[in-house]
Amino acid sequence: MSLSIGIVGLPNVGKSTLFTALTRKGGLAANYPFATIDPNVGIVDVPDERLGKLAEIVRPGRIVPATVEFVDIAGLVKGANEGEGLGNQFLANIRETDAICEVVRYFKDPNVMREVGRTADFVDPAGDADTIMTELILADLGSLEKQLPKLEKDAKRDKELAVKADVARRLVAWLNDGKRAATMEMTDEERVAAKGLFLLTMKPILYVANVDEDMLGEELAPIDGVAPIPICAKVEAELSELEPEEAAEYLADLGLEKSGLETLAQAAYRLLGLQSYFTAGEMEVKAWTVRVGAKAPEAAGVIHSDFERGFIKAEVASYEDYVELGGEAGCKAAGKLRMEGKDYVVQDGDVMHFRFNV
C-alpha cells in the first residue's frame, strides 16, 4: 500500500522548497508563480526508529521502511475552477492523490513575492486556506453538475445507482453552502457511493504552516478546525543536506525531536487511518502499511494477494515484547509469540510472520 500526498497551495508559499527538502529531489523552487507546471513526484522513506531496534536484534541484510509519495502540484489561484492559472491541470493532479497537504504561508520574507497588490511580508493564513477551499468546492460543484443528468437518467433503470444519484443531489446543496463534501453526514453506503463521484473535497486534508524558524514549536490557531503542522521549509532544506547524526544534532539544537518529514508522515497516517506492522528475518526487516482495523489475512495480502487468499494463520508478537525479549526465540520462551487466525485485528507495531497455502 503506497500513500500518495499532493502538496498544494497558493503561489510562493514554499511548496516546491518543502517538496525538494522532503524528497531530496531537485525541483524548481522559484520566486514567481507557476514555477511548477508539471507535477514533481518523489517517493521517500517514512522514518521509523522501530526498524533500527528490530535490525539490532535480527541483523538483516537490509532495512526496508514504508514509503510515501509526495506530488508537488502547481500553485493555485482564484478562478482555478474556471481555468485560471493552471486550474484544470492543477485540479486533475489533485484527484489522483490519497490526501491533500496544503502549505500555508506564515513566514515573512520581503524577497519572496505575494500575489499582485500585496507586499511580500503580508501573511493571511486563514484567507489563503479559504481561497483554496473555495476553488475546490466550486470545482466539485462543476463536476457534479456534469455527472448528475446522466446519473439521474441511469438511476431510473438501475436501483443501485439511486443511492449515488441521491447523495450527489444532497452534496450539491451542501457544497453550495460552502461546506466540503467530507463533512456531510452520510451512511456507510452513501459514503461508498460518494467516493465514486471523485470529489476533491472528499479527500482528507492536512495543513502545513510554513513558518519562520523562530516559530517552530508554537501552537497555531486551527484552520478549518484542524491544527496546522508547523514546518520551516528552509530548515528542512538544510536537514536534507546533512548526514543522519548531524541532522539529529541540528534538530536537538532547535529543540525539536522529529524532522518535518517524520511529523508530516505520521500525521498523514493518522489522518488516513493507517498503521505499520513489521516482518523481521535474516534477509530483511520491513515495514508494511495497512489500515487500522485490518485483520490478519488483509495484512498478509499487503505483501502479496496470494497470501491473503491462502492465509492459514499468523505468528504475532508485539513490538515491545519483541525488543524486550530479544526477538522471536525470547518471545516464544516467554509465551509472548501468539498464533492468530483470520479474525485477528492487527495492531500498530506487530511483528508478524504468515503461514499460508498457495
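One numbering rule holds for all chains: residues counted from 1, following each sequence as written. Totals for whole chains, interfaces and linings use all residues, but because this is a predicted model, local features are given only for residues with pLDDT of at least 70 and pairs of side-chain atoms are given and counted only at 80 or more. Note: side-chain values were computed over all heavy atoms of the structure, leaving out hydrogens and water.

(A) Geometry of the packing of aromatic side chains. To pair, rings of Phe, Tyr and Trp, with the six-membered ring standing in for Trp, must have centres within 6.5 Å; the planes then decide the type, stacked if under 30 degrees apart, edge-to-face if over 60, and tilted in the middle. Counting across every chain of the model gives 4 aromatic pairs. Relative to Phe354, the ring of Tyr277 lies with its centre 6.0 Å away and its plane at 90°, an arrangement referred to as edge-to-face. One end of the pair, Tyr277, is in strand β8 (residues 274–280); the other, Phe354, is in strand β12 (residues 351–356), with 77 residues separating them in the sequence. The pair Tyr277 / Phe354 is uniform in exposure class, with both members buried. Judged by centre distance (4.0 Å) and plane angle (25°), the rings of Phe307 and Phe356 are stacked. Note that Phe307 is positioned in helix α11 (residues 305–309) and Phe356 in strand β12, a separation of 49 residues in sequence. Through a chain of ring-to-ring contacts, the aromatic side chains of Tyr277, Phe311 and Phe354 assemble into a single cluster. Positioned above the aromatic ring of Trp174 is the side chain of Lys179, whose terminal nitrogen or guanidinium carbon lies 4.2 Å from the ring centre. Each helix corresponds to a stretch of at least 4 residues labelled H or I by DSSP, and each strand to a stretch of at least 2 residues labelled E; elements are numbered beginning at the N terminus. For every residue, the accessible area (1.4 Å probe, protein chains only) is compared with the maximum for its type, and the residue is labelled buried under 20%, exposed over 50%, or partly exposed between those bounds. In our convention, an over-ring charge means Lys NZ or Arg CZ found within 6 Å of a ring centre and within 35 degrees of that ring's normal.

(B) Representation of the pairing of strand β4 (residues 67–72) within the structure. Strands pair, by our definition, only if DSSP identifies at least two bridges between them. Bridge analysis of strand β1 (residues 3–8) against β4 gives 5 bridges, and the strand direction is parallel. Residue Ser4 lies in a different strand from β4, and its bridge partner there is Glu69. Pairing between strand β2 (residues 40–45) and β4: 6 bridges, direction antiparallel. Bridging across to β4, Ile43 finds its partner in Glu69.

(C) Expanded view of the pattern of salt bridges. Here a salt bridge means any side-chain nitrogen of Lys or Arg lying within 4 Å of a carboxyl oxygen belonging to Asp or Glu. Per the counting criterion, the structure on display carries 15 salt bridges. Residue Asp166 is joined to Arg169 by a salt bridge in which the shortest nitrogen-to-oxygen separation is 3.9 Å. In this pair, Asp166 and Arg169 are both assigned in helix α5 (residues 160–176), 3 residues apart and thus about one turn of the helix distant. For Asp166, a relative accessible area of 32% puts it in the partly exposed group.

(D) Structural context of a negative patch on the surface. Taken together, the side chains of Glu213, Asp214, Glu218, Glu238 and Glu241 make up a negatively charged region of the molecular surface. Counting through the fold element by element, Glu218 comes out in the loop between β6 (205–210) and β7 (229–231). Patch membership requires more than 30% relative accessible area and the absence of a salt bridge. Residues of like charge join within 9 Å; the nonpolar side chains Val, Leu, Ile, Met, Phe, Trp and Tyr join within 5 Å. Residue-level accessible areas treat just the shown protein chains as cover; the underlying method is Shrake-Rupley with a 1.4 Å probe. Charge assignment in this entry is limited to Lys and Arg as positive and Asp and Glu as negative, and neither His nor the chain termini are counted. Positions of charges follow a simple convention, taking NZ of Lys, CZ of Arg, CG of Asp or CD of Glu.

(E) The arrangement of the environment of Asp154 in detail. Considering the arrangement of structural elements, one finds Asp154 in helix α4 (residues 125–155). Sequence spacing of Asp154 and Ala165 is 11 residues, and the spatial spacing of their C-alpha atoms is 9.0 Å. Here a polar contact means two N or O atoms within 3.5 Å. Within protein one must be a hydrogen donor candidate and the other an acceptor candidate, and residues neighboring in sequence count only if both atoms are side-chain atoms. In terms of polar contacts, Asp154 uses its side chain to reach the side chain of Lys150, at 2.8 Å.

(F) Unusual backbone geometry, seen in detail. Within the chain, Arg59 stands out as a residue other than glycine whose phi angle is a positive 50°. The phi torsion at Phe198 lies on the positive side, around 55°, for a residue other than glycine. Positionally, Phe198 belongs in the loop between α6 (188–195) and β6.

(G) Molecular detail of the confidence of the model for the protein chain. A score between 0 and 100, pLDDT records how confident the predictor is in each residue. Per-residue pLDDT for the protein chain averages 85, and the proportion of residues at 70 or more is 86%. When mean pLDDT is taken per element in the protein chain, helix α12 (residues 319–324) scores highest with 98 and helix α3 (residues 87–95) scores lowest with 64. In this model residues 26–38 is a low-confidence stretch, pLDDT under 50, and it forms 34 contacts with partners more than four residues away in sequence or in other chains. Within the model, the stretch residues 83–87 combines pLDDT values under 50 with 11 contacts to residues more than four positions away or in other chains. In this analysis, two residues are considered to be in contact whenever any of their non-hydrogen atoms come within 4.5 Å of each other.

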